[in-house]
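Chain and residue survey
In case you want the letters, here they are:
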Amino acid sequence: KIMAGKVKWVTDIEKSVLINNFEKRGWIQVAENEDWNFYWMSVQTIRNVFSVETGYRLSDDQIVNHFPNHYELTRKDLMVKNIKRYRKELEKEGSPLAEKDENGKYIYLDFVPVTFMLPADYNLFVEEFRKNPSSTWIMKPCGKAQGKGIFLINKLSQIKKWSRDSKTSSFVSQSSKEAYVISLYINNPLLIGGKKFDLRLYVLVSTYRPLRCYMYKLGFCRFCTVKYTPSTSELDNMFVHLTNVAIQKHGDDYNHIHGGKWTVSNLRLYLESTRGKEVTNKLFDEIHWIIVQSLKAVAPVMNNDKHCFECYGYDIIIDDKLKPWLIEVNASPSLTSSTANDRILKYNLINDTLNIAVPNGEIPDCKWNKSPPKEVLGNYEVLYDEEMAQSDGPDRDLRSRPGQSTGVKGNRARDSGKPVLTTWK
Amino acid sequence: VLAEQDSAAAQQYVRQGCPTALRADLWALILNISNQPEDILYYEQLKSNVIQHDLLVDSLIYKDVKLTASNDDYYFVFEDYLYQVLLCFSRDTSVLEHFTYSSATPPKSYIRGKLGMEEYAVFYPPNGVIPFHGFSMYVAPLCFLYHEPSKLYQIFREMYVRFFFRLHSISSHPSGIVSLCLLFETLLQTHLPQLFYHLREIGAQPLRISFKWMVRAFSGYLATDQLLLLWDRILGYNSLEILAVLAAAVFAFRAVNLMEVTSLAAAEAVLADLSTLKVMPLLQIFLFATVT
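Residues numbered from 1 in each chain as written. Chains lettered and ligands numbered in written order. Predicted model: local features only at pLDDT ≥ 70, side-chain atom pairs only at ≥ 80, totals over all residues. Heavy atoms only, no water.

- Going by an unreviewed UniProt entry, chain B carries the name TBC19 protein and comes from Zapornia atra.

- As annotated in an unreviewed UniProt entry, chain A is Polyglutamylase complex subunit TTLL1 from Zapornia atra.
- The annotation that UniProt attaches to chain A under Sequence similarities (unreviewed entry) is "Belongs to the tubulin polyglutamylase family."
- Checking UniProt for chain A, the heading Subcellular location (unreviewed entry) contains the comment "Cytoplasm, Cytoskeleton, Cilium basal body". (UniProt positions renumbered as here; feature names shortened; annotations may be inferred.)

**Let's talk about the environment of Met79(A)**
Residue and element names in this part refer to chain A.
- Relative to the helices and strands, Met-79 is located in helix H4 (residues 76–93).
- Here Met-79 falls in the buried class, since its relative accessible area comes to 2%.
- C-alpha separation for the pair Met-79 and Ile-327, spaced 248 residues apart in sequence, amounts to 9.9 Å.
- Setting aside its immediate chain neighbours within four residues, Met-79 contacts Glu-72, Leu-73, Val-112, Leu-326, Ile-327, Glu-328 and Val-329. (Helix = DSSP H or I, 4+ residues; strand = E, 2+ residues; numbered from the N terminus. Buried < 20%, exposed > 50% of the residue type's maximum accessible area, 1.4 Å probe, protein only. Contact = heavy atoms within 4.5 Å.)

**Quick word on the confidence of the model for chain A**
All names here are of chain A.
- Chain-level statistics for chain A give a pLDDT mean of 83 and a share of 83% at 70 or above.
- Note that residues 166–177 has pLDDT below 50 and, in this model, ten contacts with residues that lie over four places away or in other chains.
- In the predicted structure, residues 395–425 sits below a pLDDT of 50 and forms 50 contacts with residues beyond four places in sequence or in another chain. (pLDDT = per-residue confidence, 0-100.)

**Let's talk about the domain arrangement of chain B**
Residue and element names in this part refer to chain B.
- Segmentation of chain B into domains returns domain 1 (31–162) and domain 2 (169–288).
- Put simply, the middle of domain 1 and the middle of domain 2, counted by C-alpha atoms, are 28 Å apart.
- Contact residues are listed per partner, giving 18 residues for domain 1 and 13 residues for domain 2.
- Remark: the boundary between domain 1 and domain 2 carries zero salt bridges.
- Taken together, the links from domain 1 to domain 2 amount to four residue pairs in polar contact (both at pLDDT 80 or more).
- Among the residues forming the side of domain 1 that touches domain 2, the class breakdown is twelve nonpolar, five polar and one charged. (Domains from an automatic or database assignment. Salt bridge = Lys/Arg side-chain N within 4 Å of Asp/Glu carboxyl O. Polar contact = N/O pair within 3.5 Å; in protein donor to acceptor, adjacent residues only side chain to side chain. Nonpolar A, V, L, I, M, F, W, Y, C, P; charged D, E, K, R; others polar.)

**Remarks on the sheet that holds strand E5 (residues 115–118) of chain A**
All names here are of chain A.
- On the basis of which strands lie adjacent, the open sheet formed by four strands has the order E5-E8-E6-E7 and antiparallel pairing. Every interior strand has two partners, whereas the edge strands, E5 and strand E7 (151–153), have only one. Geometrically, the sheet is characterised by an average inter-axis angle of 30° between neighbouring strands, direction not taken into account.
- Sitting on the sheet, H4 touches E5, strand E6 (137–141) and strand E8 (180–184), and the angle it makes with E5 is about 130°. (Pairing = 2+ DSSP bridges. Axes fitted to C-alpha atoms, helices over the stretch in contact; angles between N-to-C directions.)

**Comments concerning the packing of H4(A) against helix H9 (residues 277–298) of chain A**
Residues and elements named next belong to chain A.
- The N-to-C vectors of H4 and H9 enclose an angle of 90°; their axes lie 8 Å apart at closest approach. Taken together, the axes of H4 and H9 lie roughly perpendicular to each other. Listed contacts from H9 to Asn-82, Ile-83, Arg-85 and Tyr-86 of H4 are Gln-293, Lys-296, Ala-297 and Val-298.
- Of the residues belonging to the contact of H4 with H9, the class tally is four nonpolar, two polar and two charged. (Parallel < 35°, antiparallel > 145°, perpendicular 65-115°, else oblique.)

**Some words on the interface of chain B and chain A**
- Taken together, the contact pairs 23 residues of chain B with 22 residues of chain A.
- The largest share of the area that chain B buries against chain A comes from Phe76(B), Val77(B) and Phe144(B), three residues that together contribute 31% of it.
- Our count for the contact surface shared by chain B and chain A stands at zero salt bridges.
- In this assembly, chain B and chain A are joined by six residue pairs in polar contact (both at pLDDT 80 or more).
- Class assignment of the residues belonging to the side of chain B that touches chain A gives a composition of twelve nonpolar, five polar and six charged. (Buried area = accessible area lost by both parts, 1.4 Å probe.)

**Points about the sheet that holds strand E1 (residues 8–11) of chain A**
- Pairing is parallel across the open sheet formed by four strands, whose spatial order is E2-E1-E3-E4 (chain A). In this open sheet, the two edge strands, each paired with only one partner strand, are strand E2 (28–29) and strand E4 (63–64) of chain A.

**Concerning the pairing of strand E16 (residues 380–385) of chain A**
Residues and elements named next belong to chain A.
- In terms of burial, E16 is largely enclosed, as five of its six residues are buried.
- As paired elements, strand E11 (residues 211–216) and E16 share five bridges and run antiparallel to each other. The partner of Tyr-216 across the bridge, within E16, is Tyr-380.

**A look at helix H10 (residues 224–237) of chain B**
- An ideal rise of 1.5 Å per residue puts 20 Å on 14 residues; H10(B) measures up with 20 Å between its terminal C-alpha atoms.
- Counting buried positions along H10(B) yields eleven of 14 residues, so the element is predominantly enclosed.
- Taken as a whole, H10(B) has its buried residues at Thr224(B), Gln226(B), Leu227(B), Leu228(B), Leu230(B), Trp231(B), Asp232(B), Arg233(B), Ile234(B), Leu235(B) and Gly236(B).
- Buried residues belonging to H10(B) abut helix H8 (264–275) of chain A together with helix H1 (7–14), helix H2 (20–30), helix H6 (149–162), helix H11 (241–253) and helix H14 (279–288) of chain B. (Expected span 1.5 Å × (residues − 1).)

**What to know about the nonpolar core**
- Within the largest apolar cluster, 172 residues are counted, with the highest numbers of intra-cluster contacts made by Tyr208(A), Leu295(A) and Phe156(B).
- Dropping the residues within four chain positions of it, Phe156(B) is found in contact with Val85(B), Leu86(B), Phe89(B), Phe135(B), Tyr138(B), Val139(B), Leu142(B) and Phe164(B).
- Judged by nonpolar contacts, the second largest core, of 31 residues, contains Ile13(A), Phe38(A), Leu204(A) and Ala357(A). (Core = buried A, V, L, I, M, F, W, Y, C linked by side-chain atoms within 4.5 Å.)

**Here's the deal with the side chain of Asp110(A)**
- Within the fold, Asp110(A) resides in the loop between H4 and E5.
- Those residues in contact with Asp110(A) that sit more than four places away from it in its chain are Arg87(A), Lys105(A), Lys323(A) and Trp325(A).

**A few points about the packing of aromatic side chains**
- A complete count under the given rule lists 46 aromatic pairs over all chains for this structure.
- Measuring from centroid to centroid gives 5.2 Å for Phe89(B) and Tyr160(B), while their planes differ by 75°, and the two rings are edge-to-face. Residue Phe89(B) is found in helix H5 (residues 79–90), and its partner Tyr160(B) is found in helix H6; the two are separated by 71 residues along the sequence.
- A residue is classified by how much of its surface remains accessible, and Phe89(B), at 2% relative accessible area, is buried.
- On the basis of an interplanar angle of 85° and a centroid distance of 5.3 Å, the ring pair of Phe132(B) and Phe135(B) is categorised as edge-to-face.
- Relative accessible area serves as the criterion here: at 2%, Phe135(B) is assigned to the buried category.
- Three or more aromatic residues link up through ring pairs in this structure, and these residues are Phe197(A), Phe223(A), Trp262(A), Tyr270(A), Tyr74(B), Tyr75(B), Phe76(B), Phe78(B) and Phe144(B). (Phe/Tyr/Trp six-rings, centres within 6.5 Å; stacked < 30°, edge-to-face > 60°.)

Listed below in structure tokens is the structure:
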């Protein structure tokens, strides 16, 4: 029974963009141990809420902002594992999506750089490394964020201590915190103005089964303050290679007016002007595609708890052939504002997210169908709606539907005469 | 038009605005920039001049870029390209040719102790153009179109010697800044006499606000996509008059709010942010709408 009254909220993240949004809706702040309807929690807290020991049982009028096992997508090693599993499954089914080219690379599903877990896959990694001994690899701790603990290597000796056989390794840690992933470093990123950048896109998932996700139209590019060079002498200079604002903020040239950020529309204008419209459209189609594929990959293993929604921060790098690569997905994208524009963007992001996740700003009922009307989307647009996609016939002219992702056209371009490419919109 | 490589046709075409993907090529066609090997060589030569010796104006360029483009949401990315282009530009003596049709004269510098003796005079800087605050904003929008430095350079140089130089030199030319100021004031006074009178009464002379827009050809004030649509017309009609018309159109658009202000500061505030304006509808309303 839904009680009339204001939504009671709790948060353990003291950020004004959140709190201002709650207050403007007239919601009431309560403490964690009281009756609450909406809890915007950190990833540490979500672990407790759904942990077996503390056994929280959420009621129908309670919503939280994370899925219980979001780490299947947001931990670097699990994301890669799930995507690899997904690809193998599609291959087994004989799905056209899993088609490979003459070099054995997936044509449509090769969007994560070659990655290995350390120390588990150390030997496999060495094999791959030796095929291209001049390549650079990037080491990332599985459980950290904001660029912490990341470093680049181009010699096996630099990661000796992750070798499983190493007798000198005092590194016999069972703790998942010390696990690392090592990925082929994209040393040919698309440069603009000579600078490297990555894309931060926000994606809201309201349900995994059926998959319903929204893309925030106002993503941004994060530029490094220093000119990019693949030169080995600069491998240690994190200002050249890592685009995390947390790192760039401490560089000499960091600017507090624009914060080294560009809107996605600037990127689009630049690419259309310098590269042409078709390749730009294709790039954005592919970006939408890889986001949806990553979500489909984890959908089967996600705990699709009806009390949950999640707003992810997707990090994508574009290489100089205009191919997008999925670097990682963040469960708790930063809500800190580095500039005035940033503050406005994040405020609106939360606003639009709440409008979708908590309909009408009223006390929620988790039994609702999670299908918000188009008017409340704000700056979000539907990225993929599995339910809607399945109710369409495959031969319906999808181009005529407004507000759909342009992934349709991209998919058709890929659909090289193969029958029934299961609805990518 | 592009297939035919017809420069005159391109000029006609861009009057309606360019599709983003074709703009770079169309402008290059209109400006006659083909980036031949000799052009690239010339640019490389300029770059080596930059490396070989410093000029005092280099400091002005650094300062200008740091103060303007580096703080701009759209252009900060291209900081390095701006330095490159402007440092080369200062050393490019071919720019001196434009003084034959400009009413300005390049500044001269004399060898020490030989002041006034023409045999010991050189033009300074080598291109005869002393950069000023905001100068780099002439180059910045072009960085969205040309990512190859030598082409970017040539396009900018041509834009400068055809158009931009008129915005900072005194002349009677219809596209010169003096004529633009006059045009702006005339348009405003003719079509919005009440507003014009009101602003003058409160000490907020309209030209004081619009001057900076016109001198910079609106670069840094409009969103880049809108700015490029505006510059399409400059190229298409081979005239800068549209800058004065747009300035008046902006005042017309915000007339209601402007009528209510009572100080220069308040008027400036109403007109501080042009980043959301759409150039073409604004111009069309101002030029063609029958209701005043």
